[in-house]
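Structural overview
Each chain, letter by letter, is given below.
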Amino acid sequence: MPSPGAGPAISAPAGLDLRPIRPEEQRAYSTLMRRTFGASLPTDEELAAARETTEFDRTLAFFDGPEIVATAGIFSYQMTVPGGALPCAGVTRVGVLTTHRRRGLLTAMMRRQLDDIHERGEPLAALYASETVIYGRFGYGLATYQAAVELERSHAAFAAKVPSSGRLSLVDVPTAVSAFTRIWEQARRNQPGMLGLDERWMRYQLTDLELHREGASPHYRALYQSDGNPSGFAVYRLKLDWDASGPNGTLRLESLIAATAEAYAALWRYILEVDLMARVSAEMRPVDEPLRFLLADSRQPKTRIEDGIWLRLVDVAAALAGRRYAVEGRLVLRVRDEFCPWNAGSFELTGGPTSAECHRTDASPDLELDAADLGALYLGGNRFRTLQEAQRVNEVRSGSVARADAMFAIDRAPWCPSHF
Ligand SMILES: CC(C)(COP(=O)(O)OP(=O)(O)OC[C@H]1O[C@@H](n2cnc3c(N)ncnc32)[C@H](O)[C@@H]1OP(=O)(O)O)[C@@H](O)C(=O)NCCC(=O)NCCS
């Protein structure tokens, strides 16, 4: 059960009304979002697709008279954490109309959301940030990274032959929805940061909107099966081009998810062998992508590291007790949390590979830090040592940073391959 109490009251600007939208207000809600991002207005097809995943009772909109001037929303996810999975509120569709900016509308929506998430007992909240300066004040910390990669096909030979006894096929949407959902579920068990996607969500991910094609082909959906079991998939588009020396196309890889090492290698080899393509480009890839070590030229995946998700521990004790730790250990953390004061104070964490407990304590702390920084550290994607060197973690008792890093260590970089 969450600890009682809401955060400091924040009054919405006078004359504005904040409430969830009704289904018939979806177009106005989506239009506001598109306008804040300078994008085209939503089509009927896009609205129909979005309706499948929208949780109307978890939407929020500020109304100025009849007009929507700010929006936010939440998806109810499960997030894989080291050694388990926890409920996680996926914060989305945040926008404030330019005419109403910097009057506290975002702050009021964040207040309403975090109180609601806390009341529902969801220990985590996550989001993708358009700008890095926005969400730290609300207790979100940068918890995962992702890579944008580009490979020249002419230099992308495998270092050695990889064994592959499976079968690759291009599949239609209904087959993909069911097979890809199963693969996703298997893959996410051991991948901290990954969100659970049911068939409804997979169907949404596979919706092939014109808006997303940007001059490239419709989706290709490749399924890899081993002994009749689906174990990996890739979704991509082709963008053909020709120059004086011949075909110069780009394969845009939107998703490659594998539940086994064999499926992973077979799918990458397939992607790198599509004819007429000069290069492969992909975004939202894991930063510890094994591909580099499959290729003869390990410099070939030219990589740019970007922000992944920002994570907020809405209930510090439940979140810390809800993951497992690489080695047995005990830590007392003193947490500062102005926006969610129910988290402020000292917590004693005792945990290891098979169990963990976390309680409030009066014991003197080993480490002191802000809730946002604990969010950045939680999945193991950043090291306590790094944040100590950035003067964000204060080591009160000598040796605690090394102990914390040993406990929070994970064997895969956290990665969130789905957008929301
Ligand atoms: C980002 C955005 C939602 C902020 O909404 P807002 O209602 O203006 O935010 P608030 O008035 O509640 O601001 C709260 C604080 O954050 C600061 N802040 C908010 N957005 C900021 C930004 N983009 N850059 C710098 N500071 C920002 C404000 O200055 C204010 O600081 P203060 O408390 O010290 O005065 C709004 O500018 C927007 O819609 N931007 C375009 C779409 C977008 O980026 N959405 C976010 C998607 S993840």
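Residues numbered from 1 in each chain as written. Predicted model: local features only at pLDDT ≥ 70, side-chain atom pairs only at ≥ 80, totals over all residues. Heavy atoms only, no water.

Summing up its helical and strand segments, the protein has 11 helices and 21 strands in all. On C-alpha atoms alone, the protein measures out to a radius of gyration of 23 Å, which is about the 22 Å that the 2.2 N^0.38 rule sets for 420 residues. Summarising its shape, the C-alpha atoms of the protein cover approximately 65 × 55 × 40 Å along the three principal directions. Relative to its 420 residues, the protein shows a buried fraction of 54%. Pairs at least 24 residues apart make up 73% of the contacts formed inside the protein by residues separated by at least 6 positions. Surface exposure of the protein reaches about 18900 Å², of which carbon and sulfur atoms provide 50%. (Helix = DSSP H or I, 4+ residues; strand = E, 2+ residues; numbered from the N terminus. Rg over C-alpha atoms; globule rule 2.2 N^0.38 Å. Buried < 20%, exposed > 50% of the residue type's maximum accessible area, 1.4 Å probe, protein only. Contact = heavy atoms within 4.5 Å. Areas by Shrake-Rupley, 256 points an atom, 1.4 Å probe, with all protein chains shown as cover.)

Summed over all chains, the structure comprises 27 salt bridges. Here E24 and R22 are joined by a salt bridge, their closest N and O atoms 3.5 Å apart. One salt bridge connects R111 with D115, and the closest N-O pair in it is separated by 3.0 Å. With a gap of 4 residues between them, R111 and D115 both fall in helix α3 (residues 105–120), about one helical turn apart. By relative accessible area, R111 is classed as buried at 4%. A relative accessible area of 14% means that D115 is categorised as buried. (Salt bridge = Lys/Arg side-chain N within 4 Å of Asp/Glu carboxyl O.)

Position of S226 among the secondary structure elements: in strand β9 (residues 220–226). Judged by its relative accessible area of 17%, S226 falls in the buried class. Not counting chain neighbours up to four residues away, the residues in contact with S226 comprise S165, G166, S231 and E262.

With that out of the way, let us pick up the sheet that holds strand β17 (residues 329–336). Read from one edge to the other, the open sheet built from 5 strands follows the order β19-β18-β17-β20-β21, with strand pairing classed as mixed. Of all strands in the sheet, those bounded by a partner on one side alone are β19 (356–360) and β21 (394–395). Where β17 and strand β18 (residues 345–351) come together, 7 bridges link them in antiparallel fashion. Across the sheet, L333 pairs through a bridge with F347, a residue of β18. The strands that helix α9 (residues 371–378) touches are β17 and β20 (367–370); relative to β20, the one it contacts most, it runs at about 100°. Contacts from helix α11 (residues 400–408) reach β17, β18, β20 and β21, with the element oriented near 105° to β17. (Pairing = 2+ DSSP bridges. Axes fitted to C-alpha atoms, helices over the stretch in contact; angles between N-to-C directions.)

What follows is about the site of the ligand. In the region of the ligand, 20 residues are neighbours, and V96, R102, T107, S130 and E131 sit closest. Between the ligand and R103, the relevant distance is 3.3 Å, taken from an oxygen atom to a main-chain nitrogen or oxygen of the residue. Here L106 contributes a backbone N or O atom positioned 3.1 Å from an oxygen atom of the ligand. When contributions to the shell around the ligand are tallied by element, the ones reaching two or more residues are β4 (84–96) and α3. The residue makeup of the shell around the ligand, split by class, is 10 nonpolar, 5 polar and 5 charged. (Near = heavy atom within 4 Å. Polar contact = N/O pair within 3.5 Å; in protein donor to acceptor, adjacent residues only side chain to side chain. Nonpolar A, V, L, I, M, F, W, Y, C, P; charged D, E, K, R; others polar.)

Of all hydrophobic cores here, the largest spans 61 residues; its most connected members are L124, F180, L320 and Y378. In terms of residue count, helix α4 (residues 173–188) provides more of this core than any other element does, 7 residues in total. (Core = buried A, V, L, I, M, F, W, Y, C linked by side-chain atoms within 4.5 Å.)

Think of an α-helix as 3.6 residues a turn; residues three or four steps apart then line up on the same face. Of all 8 residues in α9, 8 are buried; the element is thus mostly enclosed. Of all the positions in α9, only A371, A372, D373, L374, G375, A376, L377 and Y378 are classed as buried. Of the residues trailing α9, G380 is marked for its positive phi of about 90°.

Take a nonpolar patch on the surface next. Taken together, the side chains of L240, W242 and L276 define a hydrophobic patch exposed on the protein surface, amounting to about 320 Å² of accessible area. Tracing the backbone shows W242 in strand β11 (residues 242–243). (Patch = residues over 30% accessible without salt bridge, like charges linked within 9 Å, V, L, I, M, F, W, Y side chains within 5 Å.)

Structurally, D366 is set in the loop between β19 and β20. Judged by relative accessible area, D366 falls into the buried class, the value being 1%. Excluding anything up to four places from it in sequence, D366 contacts R330, L331, V332, N394, E395, V396, R397, S400 and R403.

Within the secondary structure, E185 is located in helix α4. For E185, a relative accessible area of 28% puts it in the partly exposed group.

On to empty space enclosed by the protein. Empty pockets left among the atoms are what a rolling probe the size of a water molecule brings to light. Under the definition given, this model contains 1 cavity of 30 Å³ or more. Of the pockets and cavities examined, the largest cavity occupies roughly 40 Å³. If you list the elements that add at least two residues to the lining of the largest cavity, you get β13 (249–258) and β14 (277–285). A class-by-class count of the residues in the lining of the largest cavity yields 5 nonpolar, 1 polar and 3 charged. (1 Å grid on protein atoms, 1.4 Å probe; cavity = no way out; pocket = protein on both sides within 12 Å on 5 of 7 lines; lining within 4 Å. Points joined across faces, edges and corners; volume = space filled by probe spheres on them.)

A word on the sheet that holds β9. Overall, mixed pairing links the 7 strands, which are arranged β8-β9-β10-β13-β14-β7-β15 in an open sheet. Each of the sheet's edge strands pairs with one partner strand only, and the pair in question is β8 (167–170) and β15 (302–307). Between one strand axis and the next, the sheet turns through 20° on average, direction left out of account. Where α4 meets the sheet, it contacts β9, β10 (229–239) and β13, and its direction lies at approximately 120° from that of β10. On the sheet, helix α6 (residues 261–271) packs against β7 (145–152), β8, β9, β10, β13 and β14 and is oriented at approximately 170° with respect to β13.

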